[in-house]
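Descriptive analysis of the structure
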2 protein chains.
Amino acid sequence: MRYLFFILLMTVTFSVGGCTMLSPANHEQAEEKQFILHPIGKVVREYGKTMIVLDEKYQPGLSGLEKRSHVMVVYWFDKNDTPEKRAILKVHPQGRMENPLTGVFATHSPVRPNLIAISKCKIIAIRANVIEIEEIDAFDDSPVLDLKSG
Amino acid sequence: MRYLFFILLMTVTFSVGGCTMLSPANHEQAEEKQFILHPIGKVVREYGKTMIVLDEKYQPGLSGLEKRSHVMVVYWFDKNDTPEKRAILKVHPQGRMENPLTGVFATHSPVRPNLIAISKCKIIAIRANVIEIEEIDAFDDSPVLDLKSG
């Protein structure tokens, strides 16, 4: 009977102990507010053309954009998505050491706490889920987050 | 002895069973690409003033912004952060039914898949971690994500 009691106690201890290991992480998540972004498409360069290729499911969201001359492309500086780079708060603008250290919020630097990039682009043509643009200062395959009338 | 074996078996079953419940969710998260945003501050209105109040740890990022007349404020339409609203791809612009349904990417609608808002604001003054601005079309307490020289 003593063994039985001991084993029952261990059962409860391990079961509760094992699963509450997750509680501190859940607690932190609740404490630290965060928002989730899902890419809607990406930057593609092909045959000398520069394009924003949306995932097909987002195509209805383009309706009406054909009447606009420009689009504001919001994308993600995905190459800098590390905790170290996202902790940088001052940079030498344009990466030139002769430019004095400046707060990232006073620049358009690609390192910043939230890696949001914004570029106003001239629209050449829209076909289905593809927007051909004149140019964009973004790497190929950069994840696109949002588009707004420019 | 039979009891002992039974209890040991139940211990293993419940412990393993309880904790692997999380696996499917983790798996889904790994499959669907996503990026994480952390608010850097918020919109505050007090004593007739409109301010962007940054968390103190981000204050170094403001250095140099005092030389600028405008700042581009990137914030989050947090009141619309539900799966239902983030699935909306067409809206009546300005919420007026007489405006024909238009793709969200051809508008500045506050419902869109990624709830990014962009507003160019005139800077009145900067003190420590607080930027006083002329005005912004955002609710009080809207989470601020980024600032760029305007």
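Residues numbered from 1 in each chain as written. Chains lettered and ligands numbered in written order. Predicted model: local features only at pLDDT ≥ 70, side-chain atom pairs only at ≥ 80, totals over all residues.

**Considering the overall build of chain A**
Threshold: In this description a helix means any DSSP run of H or I spanning at least four residues, a strand means any run of E spanning at least two, and both kinds are numbered starting from the N terminus. Partly exposed residues are those falling between the two cut-offs: more than 12 but fewer than 20 other C-beta atoms within 10 Å of their own, whereas 20 or more means buried and 12 or fewer means exposed, with C-beta atoms placed from the backbone. Any residue pair is listed as a contact if its two C-beta atoms, each placed from the backbone, are within 7 Å.
If you tally the helices and strands in chain A, you get 3 helices and 9 strands. For chain A, the sequential pattern of α-helices and β-strands runs α-α-β-β-β-β-α-β-β-β-β-β. When the 150 residues of chain A are sorted by exposure, 29% land in the buried category. Of all intrachain contacts in chain A linking residues separated by at least 6 positions in sequence, the fraction that spans at least 24 positions is 66%.

**Looking at the pairing of strand S8 (residues 130–133) of chain A**
Residues and elements named next belong to chain A. Stated precisely, the cut-off is as follows: Pairing between strands requires that DSSP locate at least two bridges from one strand to the other.
Judged by which residues are buried, S8 turns out to be one-sided: Ile131 and Ile133 face inward and are buried, whereas Val130 and Glu132, on the alternate face, are not. With 4 bridges joining them, strand S3 (residues 49–54) and S8 adopt antiparallel strand pairing. Opposite threonine 50, over in S8, you have isoleucine 133 as the bridge partner. Pairing between strand S7 (residues 116–127) and S8: 4 bridges, direction antiparallel. From the neighbouring strand, isoleucine 126 faces S8, where its bridge partner is isoleucine 131.

**Some points on the environment of asparagine 80 of chain B**
Residues and elements named next belong to chain B. The residue asparagine 80 is located in the loop between strand S4 (70–76) and strand S5 (90–91) in this model. Of the residues examined, asparagine 80 has 16 C-beta atoms within 10 Å and is grouped as partly exposed. Separated by 27 residues in sequence, asparagine 80 and valine 53 place their C-alpha atoms 22 Å apart. Excluding anything up to four places from it in sequence, asparagine 80 contacts Lys85, Pro110, Val111 and Leu115.

**A word on the confidence of the model for chain A**
Residues and elements named next belong to chain A. For clarity, the cut-off: The score called pLDDT rates the predictor's confidence residue by residue, from a low of 0 to a high of 100.
Per-residue confidence for chain A gives a mean pLDDT of 86; residues scoring 70 or more make up 79%. Counting contacts from residues 6–30, a segment whose pLDDT is below 50, to residues more than four positions away or on other chains yields 16 contacts. At the level of chain-chain contacts, confidence expressed as ipTM amounts to 0.80, with global pTM at 0.80.

**Quick look at the interface of chain A and chain B**
What counts is decided by this rule: Residues were grouped as follows: Ala, Val, Leu, Ile, Met, Phe, Trp, Tyr, Cys and Pro as nonpolar; Asp, Glu, Lys and Arg as charged; and all remaining residues, including Gly, as polar.
Tallying the contact residues gives 48 residues for chain A and 49 residues for chain B. When residues of the side of chain A that touches chain B are traced back to their parent elements, those giving at least two are helix H1 (2–20), strand S1 (35–37), strand S4 (70–76), strand S6 (102–103), S7 and strand S9 (143–149) of chain A. Top element by residues in the side of chain A that touches chain B is H1 of chain A. It accounts for 9 residues. Along the lines of polarity and charge, the residues of the side of chain A that touches chain B split into 26 nonpolar, 14 polar and 8 charged. With 3 bridges joining them, S1 of chain A and strand S1 (residues 35–37) of chain B adopt antiparallel strand pairing. The partner of leucine 37 of chain A across the bridge, within S1 of chain B, is phenylalanine 35 of chain B.

**Things to note about the relation of the copies chain A and chain B**
For clarity, the cut-off: Least-squares superposition of the copies uses the C-alpha atoms of those residues scoring a pLDDT of at least 70 in each of them.
For the pair chain A and chain B, the superposition axis carries a translation of 0.0 Å, the fit reaches an RMSD of 0.1 Å, and the rotation angle comes to 180 degrees. What the rotation and shift describe, once combined, is the action of a two-fold rotation axis. Closest to the rotation axis within chain A is the C-alpha of isoleucine 36 of chain A, separated from it by 2.5 Å. In this assembly, 98% of the residues forming the interface of chain A have copies in chain B that are likewise at the interface, indicating an isologous arrangement.

**A closer look at the environment of alanine 125 of chain B**
For alanine 125 of chain B, the location among the structural elements is in strand S7 (residues 116–127). When the 11 C-beta atoms within 10 Å are taken as the criterion, alanine 125 of chain B is described as exposed.

**Quick look at the nonpolar core**
Formally: A set of buried residues drawn from Ala, Val, Leu, Ile, Met, Phe, Trp, Tyr and Cys, joined through C-beta atoms within 7 Å, is what defines a nonpolar core.
By size, the foremost hydrophobic cluster in this structure holds 59 residues, and its most contacted members are Val73 and Tyr75 of chain A together with Val73 and Tyr75 of chain B. Not counting residues within four places of it along the chain, the set of residues in contact with valine 73 of chain A comprises Ile52, Ser119, Cys121, Ile136, Val144 and Leu147 of chain A.

**Here we look at the sheet that holds S9 of chain A**
Residues and elements named next belong to chain A. Formally: Under this scheme, a helix contributes an axis fitted over its contacting stretch, all axes are lines through C-alpha atoms, and angles between N-to-C directions fall in the 0 to 180 degree range.
Reading around the barrel, the 6 strands line up as S2-S3-S8-S7-S4-S9 and close back on themselves, with antiparallel pairing between neighbours. Strand-to-strand twist across the sheet, computed as the mean angle between neighbouring axes with direction ignored, equals 50 degrees. Alignment of S4 against S9, held across 5 bridges, turns out to be antiparallel. Paired with valine 71 across the bridge in S9 is serine 149.

**Considering the sheet that holds S4 of chain B**
Two orientations exist for strands paired in a sheet by backbone hydrogen bonds: parallel and antiparallel. Residue and element names in this part refer to chain B. Here 6 strands make up a closed barrel; going around it, the order is S2-S3-S8-S7-S4-S9 and the pairing antiparallel. Strand after strand, the sheet turns through a mean of 50 degrees between neighbouring axes, direction not considered. With 7 bridges connecting them, S4 and S7 associate as antiparallel partners. When the bridges of S7 are listed, tryptophan 76 appears paired with isoleucine 116.

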